[in-house]
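# Examining the three-dimensional arrangement
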Amino acid sequence: MELSKKSRDFLDDLSVYLISSGKSETEVKDIVFELEDHLLEAEQAGKDVDDVIGQSPKSYMQYIGREMAFDKKGFMKIIAMIILNLFAYIIIGNFIQGEMTFSTIQMVGFPLVALLFLLAASQAFRAMSIRTKESKFRNILTYSLLATLPMLSFLGLMVLDIFIETPTVTFGSNGQLVLFIVAVIILLITSVWTKTWINLIIPILLYVPQYAFSRTSLPFEQQSIFSMLILFIGMAIFFLVWAKKNKED
Amino acid sequence: MAMSQMLKGLLEGCLLAIISKGETYGYEMSEKLQNYGFTMVSEGSIYPVLLRMKKDGWVETIQKTLPSGGPKRKYYILTESGQQELLAFKQRWAEVSNGVNRVLEEDE
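Note that this is a predicted model, so its numbers are computed, not measured.

Residue and element names in this part refer to chain A. Between the first and last C-alpha of helix H6 (residues 104–129) there are 38 Å, a value that for 26 residues agrees with the 38 Å anticipated at 1.5 Å per step. Buried residues of H6: Ile 105, Gly 109, Phe 110, Pro 111, Val 113, Ala 114, Leu 118, Ala 121, Ser 122, Ala 124, Met 128 and Ser 129, and no others. In the core, the buried residues of H6 are packed alongside helix H1 (5–20), helix H4 (57–66), helix H5 (72–97), strand S1 (101–103) and helix H7 (136–163).

See below:
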């Protein structure tokens, strides 16, 4: 017997709500799995998810959430991973351009932006998971705001960097090579940790064309356009394959 | 609607009593509660209470494969401190219900 779409949606929302509230992933999986078992049996007996929870999904999710502890260790791990990955991307990009200078503003600002984005994202997903299904417009607005946040903050950092001069660190070619290797190792570790290929595929699509074109005599604009094209087409193919595979599972 | 503290306490005690009769799982517990006439709470409200009971160390859970060979199911068993809590609950309940009954009888 398959679970109804309504119950499935409820369980998905619950899991987004709990994860974005900073609960441990294992504990979340555990309770969602248990409720799924319950809902399957309840549906066979002719009851639906509303009968089972007996209150609004929002208050039920909050009720469950209150009984689960905040997973400090997991939260720190995620923050560390995001900050390390952000630096990995920046380092690889700079390595290809053959220049690696960081200002104090950048070194402090990048982790702060990452932290800010993580907090904003978790708040946004938490809010969306307990909204009713009729709030489509508000959800789209939330997504858009969330997407512009990192762009705006990086832009802000760039502007700050231009106007305020802070001490900088410059790496020579040996230092660059070491950092590059460290960055690749970070990407590999994250891929193993999250069990996805995405963190290897994006950098490859992003940086390999850039590197290859920089060796040609094409004008810079054409290099950028071709690199972007390869990135977007590659990402589209990756998501198509991924979506198809998910469907089959 | 939020469940009152009193109702939560009663639900906790009843769940302890049900689990003490042998290992059981969520849906089975909610069925038993309904059959006993404990219909003031929804089926789903046992789960937050069970989470709390596990955190307090009154119950433990084990994963078991279903006899039909399907997916695993989570079963609850009572711990030593759960047994003690059940005894304490029974005592508290006897006192409270005694007192309340006497007050109500006097009314009639």
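Continuing now.
All names here are of chain A. A contiguous nonpolar surface patch, about 560 Å² in accessible area, is contributed by Ile 225, Phe 226, Leu 229, Ile 233, Ile 237 and Val 241. As for its position among the elements, Ile 237 is in helix H10 (residues 220–248). On the basis of relative accessibility, which here comes to 48%, the residue Ile 237 falls in the partly exposed class.

Moving on: empty space enclosed by the protein. In this approach, a probe sized like a water molecule rolls over the atoms, and the result shows the empty space that is left. The tally for this structure, following the rule as stated, stands at one cavity of 30 Å³ or more. By volume, the largest cavity amounts to about 40 Å³. Around the largest cavity sit Glu 34, Asp 37 and His 38 of chain A together with Tyr 25, Gly 26, Tyr 27, Tyr 47, Arg 73 and Lys 74 of chain B, which together line it. Ranked by the residues each element gives to the lining of the largest cavity, the list is headed by helix H2 (residues 25–44) of chain A, at three residues.

Let us now look at the confidence of the model for chain B. Residues at a pLDDT of 70 or more form 94% of chain B, whose mean pLDDT is 89. At the level of individual helices and strands, chain B shows its lowest average pLDDT in strand S1 (residues 59–65) of chain B, which scores 90, and its highest in helix H3 (residues 46–55) of chain B, which scores 94.

Looking now at H5 of chain A. Taking 1.5 Å of rise per residue, 26 residues should cover 38 Å, and H5 of chain A covers 38 Å from first to last C-alpha, within 8% of that figure. One or two residues past the end of H5 of chain A sits Gly 98 of chain A, with phi positive at roughly 75°.

Once that is clear, we can look at the environment of Leu 231 of chain A. All names here are of chain A. Secondary-structure assignment places Leu 231 in helix H10. By relative accessible area, which is 12% here, Leu 231 ends up buried. Through-space distance from the C-alpha of Leu 231 to that of Ile 202 is 7.9 Å; in sequence the pair is 29 residues apart. In contact with Leu 231, other than residues within four places in its own chain, are Leu 205 and Leu 206.

Describing an aromatic ring pair means giving the distance of the ring centres and the angle of the ring planes. Residues and elements named next belong to chain A. Applying the stated criterion across every chain, the model contains ten aromatic pairs over all chains. Taken together, a centroid distance of 6.2 Å and an interplanar angle of 70° make the contact between Phe 125 and Tyr 143 edge-to-face. Of this pair, Phe 125 sits in helix H6 while Tyr 143 is found in helix H7, placing the two residues 18 residues apart along the sequence. According to the relative accessible area criterion, Phe 125 is partly exposed, its value standing at 32%. Given a relative accessible area of 45%, Tyr 143 falls into the partly exposed group. Grouping aromatic residues by their ring pairs yields a cluster made of Phe 87, Phe 110 and Phe 154.

Turning our eyes to something else, we now look at the interface of chain B and chain A. At the interface, 24 residues of chain B touch 21 residues of chain A. Counting the surface lost from both chain B and chain A, the interface buries some 2000 Å², and carbon and sulfur atoms represent 48% of this. Our enumeration of links across chain B and chain A arrives at eight salt bridges. Put simply, Glu 67 of chain A and Lys 55 of chain B hold a salt bridge, and the shortest N to O gap is 4.0 Å. Scanning the region where chain B abuts chain A turns up 17 residue pairs in polar contact (both at pLDDT 80 or more). For the side of chain B that touches chain A, the element with the highest residue contribution is H3 of chain B, accounting for seven residues.

So, how was this worked out
- Residues numbered from 1 in each chain as written.
- Chains lettered and ligands numbered in written order.
- Predicted model: local features only at pLDDT ≥ 70, side-chain atom pairs only at ≥ 80, totals over all residues.
- Heavy atoms only, no water.
- Helix = DSSP H or I, 4+ residues; strand = E, 2+ residues; numbered from the N terminus.
- Expected span 1.5 Å × (residues − 1).
- Buried < 20%, exposed > 50% of the residue type's maximum accessible area, 1.4 Å probe, protein only.
- Contact = heavy atoms within 4.5 Å.
- Patch = residues over 30% accessible without salt bridge, like charges linked within 9 Å, V, L, I, M, F, W, Y side chains within 5 Å.
- Areas by Shrake-Rupley, 256 points an atom, 1.4 Å probe, with all protein chains shown as cover.
- Salt bridge = Lys/Arg side-chain N within 4 Å of Asp/Glu carboxyl O.
- 1 Å grid on protein atoms, 1.4 Å probe; cavity = no way out; pocket = protein on both sides within 12 Å on 5 of 7 lines; lining within 4 Å.
- Points joined across faces, edges and corners; volume = space filled by probe spheres on them.
- pLDDT = per-residue confidence, 0-100.
- Phe/Tyr/Trp six-rings, centres within 6.5 Å; stacked < 30°, edge-to-face > 60°.
- Buried area = accessible area lost by both parts, 1.4 Å probe.
- Polar contact = N/O pair within 3.5 Å; in protein donor to acceptor, adjacent residues only side chain to side chain.

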